[in-house]
Amino acid sequence: PVYLHDTFNAQPWAIGLIFAAASGATGLMSTQLGRLAKSVRPQRLLFAAFILYAASAALLPLMPGLWYALIPVAIFGLAQGLNIPCVQTLLAELAPMEQRGAFMALNGTVLRIGQTLGPIILGSAYALGSYTAVFITGTALALAACALVIILVRD
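The present account deals with the structure reproduced in this document. Throughout this description, residue numbers start from 1 for each chain and increase along the sequence as written. Selection of residues for local features in this predicted model requires a pLDDT of at least 70, selection of side-chain atom pairs for listing and counting requires 80 or more, and totals for whole chains, interfaces and linings are taken over all residues. Calculated side-chain values reflect all of the structure's heavy atoms, with hydrogen atoms and water omitted.

A few words now on the overall build of the protein. Runs of E in the DSSP output that reach at least two residues are strands. Runs of H or I that reach at least four are helices, and both are numbered from the N terminus. Along its length, the protein carries six helices and zero strands. Counted from the first residue to the last, the protein has its helices and strands arranged as α-α-α-α-α-α. Along the longest, intermediate and shortest principal axes, the C-alpha atoms of the protein span 50 × 35 × 25 Å. Across the 155 residues in the protein, those meeting the buried criterion constitute 30%. Using a 1.4 Å probe, accessible areas were evaluated by the Shrake-Rupley method; residue-level cover was limited to the displayed protein chains. Working note: accessible area of the protein is about 9200 Å², and carbon and sulfur atoms make up 72% of it. We treat Lys and Arg as the positive residues and Asp and Glu as the negative residues; His and chain ends play no part in the count. Throughout, a charge is located at the NZ atom of Lys, the CZ atom of Arg, the CG atom of Asp or the CD atom of Glu. Across the protein, 7 positive and 4 negative side-chain charges occur, with their mean positions spaced 8 Å apart. Note on exposure labels: buried denotes an accessible area under 20% of the residue type's maximum, exposed denotes more than 50%, and partly exposed covers the range between, all computed with a 1.4 Å probe on protein chains only.

Two measures describe an aromatic ring pair: the distance that separates the ring centres and the angle between the ring planes. When two rings of Phe, Tyr or Trp (its six-membered ring) have centres within 6.5 Å they constitute a pair, described as stacked for plane angles under 30 degrees, edge-to-face for angles over 60, and tilted for the intermediate range. Counted under the stated rule, the structure contains seven aromatic pairs. Between Tyr3 and Phe135, the aromatic rings sit 4.9 Å apart at their centres with planes inclined by 80°, giving edge-to-face as the arrangement. Taken as a pair, Tyr3 in helix H1 (residues 2-8) and Phe135 in helix H6 (residues 131-152) lie far apart in primary sequence, 132 residues in all. Both residues of the pair, Tyr3 and Phe135, belong to the buried class. Note on Tyr126 and Tyr131: the rings are 4.9 Å apart at their centroids and 50° apart in plane angle, and the pair reads as tilted. Taken together, the ring pairs in this structure connect Tyr3, Phe8, Tyr126, Tyr131 and Phe135 into an aromatic cluster.

Angle between the axes and distance between the axes are the two parameters that describe a pair of packed helices. Think of each axis as a best-fit line through the C-alpha atoms, taken over the contacting stretch in the case of a helix, with angles from 0 to 180 degrees between the N-to-C directions. The contact between helix H2 (residues 12-39) and helix H4 (residues 70-94) brings their axes to 7 Å, and the two run at 40°. In terms of orientation, H2 and H4 fall into the oblique class. Of the two possible hands of crossing, H2 and H4 adopt the one that is right-handed. The residues of H4 that touch H2, namely those facing Leu17, Ile18, Phe19, Ala21, Ala22, Ala25, Thr26, Met29, Ser30, Leu33 and Leu36, are Leu70, Val73, Ala74, Gly77, Leu78, Gln80, Gly81, Leu82 and Pro85. Here roughly perpendicular refers to angles of 65 to 115 degrees, roughly parallel to angles under 35, roughly antiparallel to angles over 145, and oblique to all remaining angles. Each crossing gets its hand from how the near helix is turned against the far one by less than a right angle, where anticlockwise is left-handed and clockwise is right-handed. For this analysis, residues touch if any pair of their heavy atoms sits within 4.5 Å.

Turning our eyes to something else, we now look at the nonpolar core. As used here, the term nonpolar core means buried Ala, Val, Leu, Ile, Met, Phe, Trp, Tyr and Cys residues forming a set that is joined through side-chain atoms within 4.5 Å. Within the largest apolar cluster, 16 residues are counted, with the highest numbers of intra-cluster contacts made by Leu45, Leu46, Phe50, Tyr53 and Leu82. Of all the secondary structure elements, the ones that give two or more residues to this core are H2, helix H3 (42-59), H4 and H6. Here this core takes six residues from H3, the largest share from any one element. Among all residues touching Phe50, those that are not within four sequence positions of it are Asn83, Ala142, Ala145, Cys146 and Val149. Counting 13 residues, the second-largest nonpolar core is a separate cluster that includes Leu4, Ala14, Ile15 and Met63.

Further remarks concern a nonpolar patch on the surface. Residues Ile113, Leu117, Ile120, Ile121 and Leu141 make up a contiguous nonpolar surface patch of roughly 430 Å² in combined accessible area. The greatest single-element share of the nonpolar patch, amounting to four residues, is contributed by helix H5 (residues 100-128). Assignment of secondary structure puts Ile121 in helix H5. Note that patches include only residues with greater than 30% relative accessible area and no salt bridge, and the join distances are 9 Å for like charges and 5 Å for nonpolar side chains (Val, Leu, Ile, Met, Phe, Trp, Tyr). By definition, a salt bridge exists where a carboxyl oxygen of Asp or Glu is found within 4 Å of a side-chain nitrogen of Lys or Arg.

Turning to the environment of Gly129, a few remarks are in order. Relative to the helices and strands, Gly129 is located in the loop between H5 and H6. Sequence-wise, Gly129 and Met63 are 66 residues apart; in three dimensions their C-alpha atoms are separated by 19 Å.

Printed below as a string of structure tokens:
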């Protein structure tokens, strides 16, 4: 939201509409995930989600105007619609029944750590560079997550 305001002098209502596209795309992807999951393994869907995150971060600073930002923001929403259910599915598959609760609790802990570190890392990128540094860092982190999926999550 701050980037859209600073770059395009966007008003709060316009920023809200653009970010609603992410929620809409997440909902759309969620409605189709069952069909996708019948033919594509969760590991591959998770990999696709991180590719979409990377594409979103890489594309946003290239948008020539405010309303073009709908494209990468919607791509981010699609990534969310893939990522969140796939992580839950993979955890449920990997965790032994007697330890499933502990796996889910650990997932919540890791999410909170990410929510804590994200602003620190990307805020530091902004402080050391600019918005461009933020988007480059976000793209790099998403691609690093792709590599981790390949290494750690086997088909």
